[in-house]
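This is what each chain is made of:
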Amino acid sequence: MQGAASKLTLFIFLALVFGILFGWLAPDIAVKMQPLADMFLRMVKMIIAPLIFATLVVGIAGHGDVKHLGKIGLKTLVYFEIVTTLALILGLVMANVYKPGVGFNIDLSSVSMAAVEKMQNVQLDHSFSHLLVDMVPTSVFKSMAEGNLLQIVVFAIFFALAICAVGQKARPVLDFLQSTCEIMFKFTEYVMLFAPVGVFGAIAATIGQNGIGILVNYAKLIGITYFSLALFVLMVLAIVCKIIKIPFRALIKALKAPALLAFTTASSEAALPKAMDVMEKFGVPKNIVSFVMPTGYTFNLDGSTLYLALTALFCAQIAGIDLPIEKQILIMLTLMLTSKGIAGVPRVSLVVLTGTLSSFGIPVVGVAILLGIDQILDMGRTTVNLIGNCVATTVVARWEDSFDYEKMEKYINDKKNKKPPLPNVISKGV
């Protein structure tokens, strides 16, 4: 299995390279490759809901400790709020230091405002009461069909609590879901075999549609965004790992395949099953992985929140507006609320950005400019979202004193020595 994982990473990387070359050399044909990416992403969405539901129920009901779940939930939300606040602060600092919108030179007549106007018409309710209500599904089947991870998590928690309350009579259901866990992870392995095809289609279509020259025209903004994201990973996530005594380099190496998948497809969902599998093998208990990671994709979008803070000031700078520090802080506090609880909205970051700019009276022409490179910027912020949520699982596990350091060491040594890793213990001992 270890050799197969290494080969998959290599094939994904090669697909990325060939996709860029194909998009550059044959753009007319490359733009028609998008269905390959769409097909792969649909395959991933097909497995997400049953995978999360089964692993979370087994993780909670298998341990049978209901009070423990409440502690995990509270600690998870506290950590999420601290880290996303740091991401917003870093985004504001980088925008003030490097001023990506000052002197930005592009022909605005070539920028379409139609899509931005459509975003302005999207009404999003950011109130806390709406967030609470929206967490509860009216139908779990509807939630699964729409890919609403937070609603699936809420239903799974109540389902697991009911299993604990029923006791031994519910054992057949728990055994069934235990088997479902193993089936879904094997299913995931099959789907991941199509990842290089999906990656090739996604990157070829992106380059074919926008042209390789777009990287030059937007070089300053792209460079500052990626530098800011890298700085967040090194200054926040790496330091967090150091505090809890997790080797950050080893963690990044373990996440190489899902991170590359997230980067090339710009889809968190595409990398989620593989990342969950890796984190459990890395030493994080099943119940923490299956709770923290899906919840993180609503409350802990580190890359997206940093991006929102950075681009909000970029749009103000494009319009020649010099925002005082108190207004910047107010924008940051607004983004802290509006960036949560809206998973599933197309172009979610740009929709949130457009609404925030409008509420502060800042022209939205900057959003139209961002549309041209949204896919390229989305690749970076999606990858940081993934890494941030994986680090969150280790933090919560360490906070709960349940992180398995011996399992982590064995996993790292197996990777170094290229020996077969630990057997899949996703549902053993439950």
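Higher on the page you've got the structure.
The subject of this paragraph is helix α22 (residues 405–417). Helix length check: α22, at 13 residues, gives a terminal C-alpha distance of 18 Å against a target of 18 Å (1.5 Å per residue), a fit within 8%. When we look at burial in α22, the residues that qualify are Lys407, Met408, Tyr411, Ile412 and Asp414. The buried residues of α22 occupy one face: seen down the axis, they fall within an arc of 160°. More than 90 degrees from the buried face of α22, the exposed residues found are Glu406 and Lys416. Capping the start of α22, Asp404 holds a side-chain oxygen 3.2 Å from the backbone nitrogen of Glu406, two or three residues further along.

Following the sequence through the fold, Asn300 ends up in the loop between α16 (286–299) and α17 (302–318). Of the polar contacts made by the side chain of Asn300, one reaches the side chain of Asn389; its length is 3.0 Å. Sequence-distant contacts of Asn300, defined by excluding residues within four places in its chain, comprise Phe80, Val83, Thr84, Gly388, Asn389 and Ala392.

Moving on to a nonpolar patch on the surface. Side chains of Leu10, Phe11, Phe13, Leu14, Val17, Phe18, Ile20, Leu21, Trp24, Leu25 and Ile212 sit close together on the surface and give an oily, nonpolar patch of about 1,000 Å² of accessible area. The residue Ile20 is located in helix α1 (residues 2–25) in this model.

Here we come to a positive patch on the surface. Together, Arg249, Lys253, Lys256 and Lys416 make up a positively charged patch on the protein surface. Topologically, Lys416 is positioned in helix α22. Residue Lys416 is classed as exposed on the basis of its relative accessible area, which comes to 59%.

Even without being glycine, Lys245 reaches a positive phi, approximately 60°. The exposure class of Lys245 is exposed, given its relative accessible area of 63%. Even without being glycine, Asp401 reaches a positive phi, approximately 55°. Considering the arrangement of structural elements, one finds Asp401 in the loop between α21 (374–399) and α22.

With that settled, the discussion passes to the pattern of salt bridges. Tallying each qualifying case throughout the model produces seven salt bridges. Across the pair Lys186 and Glu189 runs a salt bridge whose closest N-O atoms are separated by 3.1 Å. On the criterion of helical spacing, the pair formed by Lys186 and Glu189 is a turn pair, its members being three residues apart in helix α9 (residues 171–192). For Glu189, a relative accessible area of 26% puts it in the partly exposed group.

Before going further, it helps to spend a moment on helix α10 (residues 195–210). Taking 1.5 Å of rise per residue, 16 residues should cover 22 Å, and α10 covers 23 Å from first to last C-alpha, within 8% of that figure. All of the buried residues along α10 are Ala195, Pro196, Gly198, Val199, Gly201, Ala202, Ile203, Ala204, Ala205, Thr206, Ile207 and Gly208. Looking at the residues trailing α10, positive phi occurs at Gly211, about 85°.

Viewed as axis vectors pointing N to C, helix α15 (residues 268–281) and α21 meet at an angle of 25°, and their least axial separation amounts to 11 Å. Between α15 and α21, the crossing angle belongs to the class labelled roughly parallel. As for the relative orientation of α15 and α21, their crossing is right-handed in sense. Facing Ser268, Ala271, Ala275 and Met279 of α15, the residues of α21 in contact are Thr382, Leu386, Cys390, Thr393 and Thr394. Of the residues assigned to the contact of α15 with α21, the class counts are five nonpolar, four polar and no charged.

So, how was this worked out
- Residues numbered from 1 in each chain as written.
- Predicted model: local features only at pLDDT ≥ 70, side-chain atom pairs only at ≥ 80, totals over all residues.
- Heavy atoms only, no water.
- Helix = DSSP H or I, 4+ residues; strand = E, 2+ residues; numbered from the N terminus.
- Expected span 1.5 Å × (residues − 1).
- Buried < 20%, exposed > 50% of the residue type's maximum accessible area, 1.4 Å probe, protein only.
- Arc of directions from axis to C-beta.
- Polar contact = N/O pair within 3.5 Å; in protein donor to acceptor, adjacent residues only side chain to side chain.
- Contact = heavy atoms within 4.5 Å.
- Patch = residues over 30% accessible without salt bridge, like charges linked within 9 Å, V, L, I, M, F, W, Y side chains within 5 Å.
- Areas by Shrake-Rupley, 256 points an atom, 1.4 Å probe, with all protein chains shown as cover.
- Salt bridge = Lys/Arg side-chain N within 4 Å of Asp/Glu carboxyl O.
- Lys, Arg positive; Asp, Glu negative; His and termini not counted.
- Charge placed at Lys NZ, Arg CZ, Asp CG, Glu CD.
- Axes fitted to C-alpha atoms, helices over the stretch in contact; angles between N-to-C directions.
- Parallel < 35°, antiparallel > 145°, perpendicular 65-115°, else oblique.
- Left-handed = near helix turned anticlockwise from the far one by under 90°.
- Nonpolar A, V, L, I, M, F, W, Y, C, P; charged D, E, K, R; others polar.

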